[in-house]
Amino acid sequence: MTRVGGRGTGPAAPRSVDVARLAGVSQKTVSRVFNGERYVSAEVRRRVLEAAEELGYRLNSAARALASGRTRSIGVVTLGTALYGPASLLIGIERAARDAGYALRVVNTLEGDPAGVAGAVESLLEQGVDGIVVSEPIDEGAVLRSVDVPVLVFGAPVAFGGPRVVAVGVGAEQLARTATEHLLDLGHVTVHHLAGPQQWFAARDRLDGWRAALAARGREQPPVIEGDWSAASGYAAGRELALDSGLTAVFAANDDMAIGLIRALSDAGLRVPDDVSVVGFDDIPVSAYVTPPLTTVRQPFDAVAREGLRLLVRAVEKPDVELPPANDPPVELVLRASTAPPSTRRTR
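Remember, it's a predicted structure, so these values are computed and weren't measured experimentally. (Residues numbered from 1 in each chain as written. Predicted model: local features only at pLDDT ≥ 70, side-chain atom pairs only at ≥ 80, totals over all residues. Heavy atoms only, no water.)

1. Regarding the pattern of salt bridges
Phase 1: Scanning all chains against the criterion turns up 18 salt bridges.
Phase 2: Residue R98 pairs with E94 through a salt bridge whose shortest N-O separation is 2.7 Å. Linking R98 with E94, this pair stays in helix 5 (residues 84-99), spanning four residues, or about one helical turn.
Phase 3: Overall, E94 belongs to the partly exposed group, its relative accessible area being 32%. (Salt bridge = Lys/Arg side-chain N within 4 Å of Asp/Glu carboxyl O. Helix = DSSP H or I, 4+ residues; strand = E, 2+ residues; numbered from the N terminus. Buried < 20%, exposed > 50% of the residue type's maximum accessible area, 1.4 Å probe, protein only.)

Spelled out as structure tokens, the structure:
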């Protein structure tokens, strides 16, 4: 059947009542399925979704927003960068939001722009988002912004006020501690640290984890060298560290710097892991294929994103219900060939 209107002719768009008729359920049941509500059996849900697919039905999000008072959209403030960590967390957030039935609206900030976060939040609020995710890894100074929707903050101090502020840790400090303890457990007397840029919250957390591991064993804390996350900065640090005759183990704050470090040590005539053991951080895809394959700690981006989005969505949909505490992210050490017990020659 076609419908004739003032703007031309064409097939009539399927409606929820058409889906209900084909699935043999009520229109209210169709609404419950597409709103993700509970108390709908798996069989009924399957019939409704199959009927919707057969008819080419798409839920009218504008109409649903008017009916519910929500847009079912989540805003994300994130640094505009291709670095592995922030980019991977953003992908995890997008997947978790989609699985929860929410659209994502992303606003990127620029490093060195103190007003960027506040401006990004204001832009998202103007778009009517139901909640905001702040995945801003750099300390640009106090934001001190009050918002009227729930806010999720990943791995940074809470700088927002509002009805619901959820803070979820990414576990960087514990991962760094695990990496350092692995080297100590192999028999290394101490562990040097190649840190990330200290305006990044993640770099500070990894530095704290390294310090905590050494302090717990009563070990000396060698001077820290700071890089900028790049392999080039890791290479520069490696040239400096190669001059230290007591060097036997290094924990690098990310895999890229660890890879540059290993190349510099090799150029200086030091073998990894025979002379110096190296542990990275992140488990980027290439880390398994460098020479030697890199021992590292894997960041649980998907798990952290899903846990954070679970709490944020609950804060949006059940504003009067107390939120449960966040679950701790998993810790995973990926053992490869870049670490070994210290050689007698180096320790002597």
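2. Digging into unusual backbone geometry
Phase 1: Residue V272 is joined to P273 through a cis peptide bond whose omega torsion reads 10 degrees.
Phase 2: The topology assignment puts P273 in the loop between helix 10 (255-267) and strand 13 (277-279).
Phase 3: For the peptide bond that leads from T291 to P292, omega is -5 degrees, which places it in the cis range.
Phase 4: With respect to the helices and strands, the residue P292 is situated in the loop between strand 13 and strand 14 (296-298).
Phase 5: You will see that D282, though not glycine, has its phi angle at about 125 degrees, which is positive.
Phase 6: Residue position: D282 is located in the loop between strand 13 and strand 14.
Phase 7: Note on D282: relative accessible area 6%, which makes it buried.

3. Some points on the nonpolar core
Phase 1: If you look at the biggest cluster of nonpolar residues, it comprises 36 residues, and the most contacted ones within it are I93, V133, L152, F154, V191, F251 and L309.
Phase 2: Taken together, the elements giving at least two residues each to this core come down to strand 3 (73-79), helix 5, strand 7 (151-154), strand 9 (165-168), helix 7 (172-185), helix 8 (201-216), strand 12 (249-252) and helix 11 (301-317).
Phase 3: With eight residues, the top contributor of residues to this core is helix 11.
Phase 4: Residues contacting V191, with those up to four places away along its chain left out, are T180, L183, L184, W210, L214, P222, A249, V250 and F251. (Core = buried A, V, L, I, M, F, W, Y, C linked by side-chain atoms within 4.5 Å. Contact = heavy atoms within 4.5 Å.)

4. Focus on the sheet that holds strand 10 (residues 192-195)
Phase 1: The parallel open sheet is built from four strands, whose spatial order is 11-10-12-13. Whereas interior strands pair on both sides, the edge strands pair on one side only; in this sheet they are strand 11 (225-226) and strand 13.
Phase 2: Relative to the sheet, helix 7 contacts strand 12 and strand 13, its axis offset from that of strand 12 by approximately 170 degrees.
Phase 3: Helix 10 rests against strand 10, strand 12 and strand 13 of the sheet, and its axis sits at about 165 degrees to strand 13. (Pairing = 2+ DSSP bridges. Axes fitted to C-alpha atoms, helices over the stretch in contact; angles between N-to-C directions.)

5. A closer look at the pairing of strand 12
Phase 1: Residues A249 and F251 of strand 12 are buried on one face, and the alternating residues V250 and A252, pointing to the opposite face, are buried as well.
Phase 2: Note that strand 12 and strand 13 share three bridges and pair parallel. Considered in strand 13, the bridge of V250 is made with V278.
Phase 3: Of the crossover connections in this fold, the one passing from strand 12 over helix 10 to the parallel strand 13 is right-handed. (Right-handed = clockwise from strand over helix to strand, strands pointing away.)

6. Some remarks on the confidence of the model for the chain
Phase 1: Summarising the model, the chain shows a mean pLDDT of 87, and 88% of its residues fall at 70 or more.
Phase 2: A low-confidence stretch, residues 1-10 stays under pLDDT 50, and its non-local contacts, those more than four residues away or across chains, total eight contacts. (pLDDT = per-residue confidence, 0-100.)

7. Structural notes on the side chain of S233
Phase 1: As for its position among the elements, S233 is in helix 9 (residues 231-241).
Phase 2: By relative accessible area, S233 is classed as buried at 14%.
Phase 3: Look past the residues within four positions of S233 in its chain and what remains in contact with it is G227, D228 and M257.

8. Structural notes on helix 7
Phase 1: In this model helix 7 runs 20 Å from its N-terminal to its C-terminal C-alpha over 14 residues, within 8% of the 20 Å that 1.5 Å per residue would give.
Phase 2: In the core, the buried residues of helix 7 are packed alongside helix 8, strand 12, strand 13, strand 14 and strand 15 (332-334).
Phase 3: Immediately beyond the C-terminal end of helix 7, within one or two residues, lies G187, with a positive phi of roughly 110 degrees. (Expected span 1.5 Å × (residues − 1).)

9. Comments concerning the sheet that holds strand 9
Phase 1: Spatial ordering of the open sheet is given by 4-3-5-7-9, a layout of five strands whose pairing is parallel. Both edges of this open sheet fall to strand 4 (103-109) and strand 9, since each of them pairs with a single strand only. Pairs of neighbouring strands in the sheet enclose a mean axial angle of 20 degrees, with direction left out of account.
Phase 2: Alignment of strand 7 against strand 9, held across four bridges, turns out to be parallel. When the bridges of strand 9 are listed, L152 appears paired with V166.
Phase 3: Seen against the sheet, helix 11 touches strand 3, strand 5 (131-135), strand 7 and strand 9 and runs at an angle of roughly 160 degrees to strand 7.

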